[in-house]
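# Coordinate inspection notes
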Amino acid sequence: MGAGYQVVLGDLSSMAGTFHTEAETYRGFKPRVTPPVADGGDPALNGAMQILLEAIDGLHTKMADRIDEHGDKLAYAHDSYQRNDVDVHGVFEDLMAG
């Protein structure tokens, strides 16, 4: 690691879990964000409202997916640092055994 940087594996793991949990929480808000379309009394208005709510639904789903992806990236960083740490310790132990 570079000078001044310290990676705490537990924190990365915890953050990954939090992002995954919050992505599911955010997905749970979907019924509140995309309620059933009310009848506006005009087919054109109803169609416009339906299109708008479908767009909001799509954006909401994409946002939940992005939150979840950040959790995946944090988990990947955790695993990468952990693998690297194990590799460095393994090399050190191999050198010291001889």
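These figures come from a predicted structure and were not determined experimentally.

Conventions adopted
Residues numbered from 1 in each chain as written. Predicted model: local features only at pLDDT ≥ 70, side-chain atom pairs only at ≥ 80, totals over all residues. Heavy atoms only, no water. Helix = DSSP H or I, 4+ residues; strand = E, 2+ residues; numbered from the N terminus. Buried < 20%, exposed > 50% of the residue type's maximum accessible area, 1.4 Å probe, protein only. Contact = heavy atoms within 4.5 Å. Areas by Shrake-Rupley, 256 points an atom, 1.4 Å probe, with all protein chains shown as cover. Salt bridge = Lys/Arg side-chain N within 4 Å of Asp/Glu carboxyl O. Phe/Tyr/Trp six-rings, centres within 6.5 Å; stacked < 30°, edge-to-face > 60°. Patch = residues over 30% accessible without salt bridge, like charges linked within 9 Å, V, L, I, M, F, W, Y side chains within 5 Å. pLDDT = per-residue confidence, 0-100.

Across its full length, the protein chain holds three helices and zero strands. Expressed as a percentage of its 98 residues, the buried residues of the protein chain come to 10%. Expressed as a percentage of contacts within the protein chain between residues at least 6 apart in sequence, the contacts between residues at least 24 apart total 69%. Just so you have it, the protein chain exposes about 7300 Å², and 61% of that area is on carbon and sulfur atoms.

Okay, the pattern of salt bridges next. One pass over the structure, following the stated rule, counts five salt bridges. For D68, the salt bridge is made with R27, and the minimal N-O distance between the two is 3.9 Å. Within this pair, whereas D68 is found in helix α3 (residues 43-97), its partner R27 is found in helix α1 (residues 9-28), the two being separated by 41 residues in sequence. Salt-bridge contacts for K30 lead to D57; the nearest nitrogen and oxygen are separated by 3.0 Å. With K30 in helix α2 (residues 30-33) and D57 in helix α3, the pair connects residues that are 27 residues apart, well separated along the chain. We classify D57 as partly exposed; its relative accessible area is 23%. Through salt bridges with shared partners, a single network forms among E24, R27, D65 and D68.

Take the packing of aromatic side chains next. Scanning all chains against the criterion turns up one aromatic pair. Measuring from ring centre to ring centre gives 6.5 Å for Y26 and F29, while their planes differ by 80 degrees; the resulting arrangement is edge-to-face.

Before going further, it helps to examine the side chain of H78. Tracing the backbone through its elements, the reader meets H78 in helix α3. Not counting chain neighbours up to four residues away, the residues in contact with H78 comprise L9, L12 and S13.

Attention shifts here to a nonpolar patch on the surface. There is a patch of nonpolar side chains on the surface, built from F29, V33, L52 and I56 and spanning about 300 Å² of accessible area. Within the secondary structure, L52 sits in helix α3.

Okay, the confidence of the model for the protein chain next. Averaged over every residue, the pLDDT of the protein chain is 86; residues scoring 70 or more account for 82%. For the protein chain, per-element mean pLDDT is lowest for α3, which scores 87, and highest for α1, which scores 94.

This part takes up the environment of S80. Topologically, S80 is positioned in helix α3. Sequence separation between S80 and L9 is 71 residues, and the spatial gap between their C-alpha atoms is 10.0 Å.

Before going further, it helps to spend a moment on the environment of P31. Following the sequence through the fold, P31 ends up in helix α2. When its relative accessible area of 61% is taken as the criterion, P31 is described as exposed. Sequence-wise, P31 and D57 are 26 residues apart; in three dimensions their C-alpha atoms are separated by 9.3 Å.

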